[in-house]
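Architecture and fold: a report
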Amino acid sequence: MEKKLAEFKCDTNEAVCLKLSIEVAFGYKGLQIQLFYTAGSLTTLYKVKYSSKVTDTFDCVEPDNIDGKIREIVPAGFICNTDDFITLLEKEANFRPFGTLLHVYTVHNDEAGELTYQIHKADLSCSGFREYHERLQTFLMWFIETASFIDPDDDRWDFFLVFEKYNKDGETLYATIGYMTVYNYYAYPDKTRPRVSQMLILPPFQGEGHGAQLLEAVHRFYSSVPKVQDITAEDPSESYVKLRDYVLVKLCQGLSSFAEDKLHQGLSAEMVEEAQMKLKINKKHARRVYEILRLRVTD
Ligand code: CO6
């Protein structure tokens, strides 16, 4: 698959560099906001630079409080000095993914060969995860227009994380690729209905199949939890629906009720039940999968 936005990935694989565009910032000449994240732990370097700022020679006009706005998003503990940041890069080899390992997969890359990825399930009981999540969710603000932060203290949140595992100078390192948050809603009488709330694959890694791997791993994880009714999504975007269609169709193709001869007989209760029982697929989504697969087998 074509590696989109490859130029956003730093050569060293150690720091993800991003360009931030705030709508219109008034009051600065040559404004530059620098945000660098180390690839694994997401330790953040934050700097604001400008060549000049409006002063009170301009009647009653104050420059926008850029620094204040960024600090509302970037959690305390960020680094302001480049040398300190470079020193911390060396500690990246100590970073290990949080939580339990759910799934490992590889992707072939023309330049780098076989790359290995891991999907983990984490929660706030993992040491250091709370602070890591605070840094991780800042990406939502830079990359998703309608995003908002969640209250992670509610223990109904599940966190699923994607990491790349790679070697550098004989050491094993991990880079953050993306994540998903899921809220476990109650479903009458004694079930839960996990609802996908946020999903982000970082831009340099989009379109490489990680979103599909993550959503499939999440369905497989909840499929093994008896009290889960089915999986839904909160206000899904168009790109999420496309991804979900792809993943659910792929999963349902392996079910006997979706065999070609049965597709010709129309949507059945058996399809809805098997998709729900085996894969925790919601009834509405099972119908969509049926329609897609039916179209495929129709001349
Ligand atoms: N168009 C068409 N088909 C798509 C698309 C789009 N945009 N996205 C995924 N897919 C399908 C398609 O069939 C892909 O297969 P290919 O034919 O090989 O391209 C397949 O799904 C897998 O795509 P992939 O796994 O490569 O997707 P990716 O890793 O990029 O993850 C994403 C998808 C939407 C999570 C990611 O692009 C992203 O983080 N985007 C920015 C943030 C965002 O929009 N998040 C979703 C909004 S939040 O809706 C939301 C309900 C909540 C979760």
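What comes next is a walk through the structure.

The rules behind the values
Residues numbered from 1 in each chain as written. Predicted model: local features only at pLDDT ≥ 70, side-chain atom pairs only at ≥ 80, totals over all residues. Heavy atoms only, no water. Pairing = 2+ DSSP bridges. Helix = DSSP H or I, 4+ residues; strand = E, 2+ residues; numbered from the N terminus. Contact = heavy atoms within 4.5 Å. Axes fitted to C-alpha atoms, helices over the stretch in contact; angles between N-to-C directions. Core = buried A, V, L, I, M, F, W, Y, C linked by side-chain atoms within 4.5 Å. Buried < 20%, exposed > 50% of the residue type's maximum accessible area, 1.4 Å probe, protein only. Expected span 1.5 Å × (residues − 1). Arc of directions from axis to C-beta. Near = heavy atom within 4 Å. Polar contact = N/O pair within 3.5 Å; in protein donor to acceptor, adjacent residues only side chain to side chain. Areas by Shrake-Rupley, 256 points an atom, 1.4 Å probe, with all protein chains shown as cover. Nonpolar A, V, L, I, M, F, W, Y, C, P; charged D, E, K, R; others polar.

As for the sheet that holds strand β8 (residues 157-168)
Judged by pairing direction, the sheet is mixed, and its six strands sit side by side in the order β6-β7-β8-β9-β10-β11 without closing on themselves. The sheet terminates laterally at β6 (100-109) and β11 (232-233), the two strands that pair on one side only. Summarising the sheet, β6 and strand β7 (residues 113-122) pair through nine bridges and their orientation is antiparallel. If you follow L101 over to β7, its bridge partner there is H120. Helix α3 (residues 129-136) rests against β7, β8 and β9 (171-187) of the sheet, and its axis sits at about 85° to β8.

A closer look at the nonpolar core
By size, the foremost hydrophobic cluster in this structure holds 72 residues, and its most contacted members are Y132, L161, M180, L214 and F258. Here this core gets seven residues from one element, more than from any other, and that element is helix α6 (residues 238-252). Residues within four places of Y132 in sequence aside, it is in contact with G40, S41, L42, F95, F98, L161, F163 and T176. Counting five residues, the second largest nonpolar core, distinct from the first, contains A39, A93, Y166 and L173.

Let's talk about helix α9 (residues 283-297)
Relative to the 21 Å expected for 15 residues at 1.5 Å per residue, α9 spans 21 Å between its end C-alpha atoms, a close match to the ideal helical length. What α9 keeps buried is the set H285, A286, V289, Y290, L293 and V297. Projected down its long axis, α9 carries its buried residues within an arc of 145°, all on one side. Opposite the buried face of α9, at more than 90 degrees from it, the exposed residues are K284 and L295. Each element contacted by the buried residues of α9 is listed here: α6, α7 (260-263) and α8 (269-279).

Quick word on unusual backbone geometry
Each neighbour pair has its own omega, and for Y188 with P189 the value is 0°, a cis peptide bond. Tracing the chain through its elements places P189 in the loop between β9 and β10 (191-201). Phi angles above zero are rare outside glycine, and K280 is one such case at about 60°. By secondary structure assignment, the location of K280 is in the loop between α8 and α9.

Side note on the side chain of Q34
In this fold, Q34 is placed in strand β3 (residues 32-38). Accessibility expressed as a relative area gives 19% for Q34, which makes it buried. Beyond its immediate stretch of four places on either side in the chain, Q34 contacts L45, Y46, K47 and K49.

Some words on helix α5 (residues 210-223)
Look at α5: 20 Å from first C-alpha to last across 14 residues, which is about the 20 Å you get at 1.5 Å a residue. For α5, the full list of buried residues reads H210, G211, A212, L214, L215, E216, A217, V218, H219 and Y222.

Some remarks on the site of the ligand
The environment of the ligand is formed by 24 residues, the closest being I201, G207, G209, G211 and A212. Contacts to the ligand include Q206, whose side-chain N or O atom sits 3.4 Å from a nitrogen atom. At 3.5 Å from an oxygen atom of the ligand is found a side-chain nitrogen or oxygen belonging to S239. Notes on the ligand: free accessible area 1,000 Å², of which the protein chains cover 73%. Sorting the residues of the shell around the ligand by element identifies β10, α5 and α6 as the ones contributing at least two each. Here the shell around the ligand takes six residues from β10, the largest share from any one element. Grouping the constituent residues of the shell around the ligand by class yields 12 nonpolar, nine polar and three charged.

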